[in-house]
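The lines below spell out each chain.
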Amino acid sequence: MTQSKKRRISEDEVKKLYEEYSTPEHVRAHCRAVTDTAVKLAEALNKQGYSLDLDLIRGAGLSHDVARTSEEHWKVGADALEALGYKDEADIIRVHMFYSPFNSVDKLNECDMVCLADRLVKEDKYVGLDERIEYILKKAPDRPEIRASIMSRKKETEKLLEDISHVIGRTVDSLFLDKEK
């Protein structure tokens, strides 16, 4: 997906969906943090010649967990956005829970940005991959196949973060944690 003149979901429309789906405030805060992270990553990549659609990233990020209180919230949320005519946002929401593999660094798209940001944010703040995976492992059922899948995704995400860091000329963590200038 590239920058286009497509109609994108607005913050006001997302707020209406939050009300409709009784999205808890802590989930709304999580969506805002994921959005901020995804947009900042995309802006850094766009400065290096990428053409990521920031409005699509913003809309999908803000609405990715709108139906979190529902069973299979990714499907419910995606169906809601698709019914409103936001197919691109819906496509991202539909896959965000199980998105894998990421595209290679030279083919990154808006879905990669939202899904990557969701793996780097815990609750309402950027914490980086290690802390986020530790948090996920604590919540995951103690089944070897689930833990193996989580660790496999962690390795894939580490590689992507390394590749993005090379492109933007600094670590991804430094964009958010101000450890490096």
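For the structure itself, consult the block above.
What this report covers is the structure whose coordinates are included nearby. (Residues numbered from 1 in each chain as written. Predicted model: local features only at pLDDT ≥ 70, side-chain atom pairs only at ≥ 80, totals over all residues. Heavy atoms only, no water.)

Scanning the protein from terminus to terminus reveals 9 helices and 2 strands. Helices and strands in the protein line up, N terminus first, as α-α-α-α-α-α-β-β-α-α-α. For the protein, the C-alpha radius of gyration of 16 Å lies close to 16 Å, the compact-globule estimate for 181 residues. Dimensions along the principal axes, computed over C-alpha positions, put the protein at roughly 45 × 40 × 25 Å. When each of the 181 residues of the protein is scored for burial, the buried share is 48%. The long-range fraction of contacts in the protein, counting pairs at least 24 apart against all pairs at least 6 apart in sequence, stands at 64%. Surface summary for the protein: the accessible area is close to 9500 Å², and the carbon and sulfur share equals 49%. Computing the positive centroid from 31 side-chain charges and the negative centroid from 36, the protein places the two 1 Å apart. (Helix = DSSP H or I, 4+ residues; strand = E, 2+ residues; numbered from the N terminus. Rg over C-alpha atoms; globule rule 2.2 N^0.38 Å. Buried < 20%, exposed > 50% of the residue type's maximum accessible area, 1.4 Å probe, protein only. Contact = heavy atoms within 4.5 Å. Areas by Shrake-Rupley, 256 points an atom, 1.4 Å probe, with all protein chains shown as cover. Lys, Arg positive; Asp, Glu negative; His and termini not counted. Charge placed at Lys NZ, Arg CZ, Asp CG, Glu CD.)

To continue, consider the nonpolar core. Formed by 39 residues in total, the largest nonpolar core has its most connected members in Ile57, Met113 and Ile164. Of all the secondary-structure elements, those providing two or more residues to this core are α2 (25–46), α3 (54–63), α6 (110–118), α7 (129–139), α8 (144–168) and α9 (172–177). It is α2 that provides the largest number of residues to this core, a total of 8 residues. Excluding anything up to four places from it in sequence, isoleucine 164 contacts Leu41, Leu45, Val105, Leu108, Met113, Leu116 and Val172. With 14 residues, the next largest nonpolar core counts Leu17, Tyr18, Leu62 and Leu81 among its residues. (Core = buried A, V, L, I, M, F, W, Y, C linked by side-chain atoms within 4.5 Å.)

What follows deals with the side chain of aspartate 118. In this structure, aspartate 118 sits in helix α6. Comment: no salt bridge for buried aspartate 118; closest opposite-charge side chain is arginine 132, at 4.3 Å. (Salt bridge = Lys/Arg side-chain N within 4 Å of Asp/Glu carboxyl O.)

Attention now moves to α8. Between its terminal C-alpha atoms α8 stretches 36 Å, which fits the 36 Å expected from 25 residues at 1.5 Å a residue. Looking at the buried positions of α8, the neighbouring elements they touch are α2, α6, α7 and α9. Looking one or two residues beyond α8, the residue adopting positive phi is glycine 169, at roughly 80°. (Expected span 1.5 Å × (residues − 1).)

Take the state of the cysteines next. Here the structure, examined in full by the defined rule, presents 0 disulfides. Cysteine 115 provides the cysteine sulfur closest to cysteine 111, a residue in no disulfide bond, and the two sulfurs are 3.9 Å apart. Residue classification places cysteine 111 among the buried positions, given a relative accessible area of 7%. (Disulfide = S-S within 2.5 Å.)

What follows deals with the pattern of salt bridges. Side chains that differ in charge, positive against negative, can pair when their charged atoms come close. If you walk through the whole model with that rule in mind, you get 21 salt bridges. With a shortest N-O distance of 3.2 Å, arginine 147 and aspartate 142 are connected by a salt bridge. By relative accessible area, which is 26% here, arginine 147 ends up partly exposed. Residues participating in the shared-partner salt-bridge network are Lys6, Arg8, Asp53, Asp88 and Glu89.

Glancing now at unusual backbone geometry. The peptide bond linking serine 100 to proline 101 adopts the cis configuration, its omega dihedral lying at -5°. Along the chain, proline 101 falls in the loop between α5 (87–95) and α6. Its identity as a non-glycine residue notwithstanding, serine 22 has a phi of 50°, on the positive side. With respect to the secondary-structure elements, serine 22 resides in the loop between α1 (11–20) and α2. Of the residues examined, serine 22 reaches a relative accessible area of 54% and is grouped as exposed. Its identity as a non-glycine residue notwithstanding, glutamate 72 has a phi of 50°, on the positive side. For glutamate 72, the position within the fold is in the loop between α3 and α4 (73–83). The partly exposed category is assigned to glutamate 72, whose relative accessible area is 39%.

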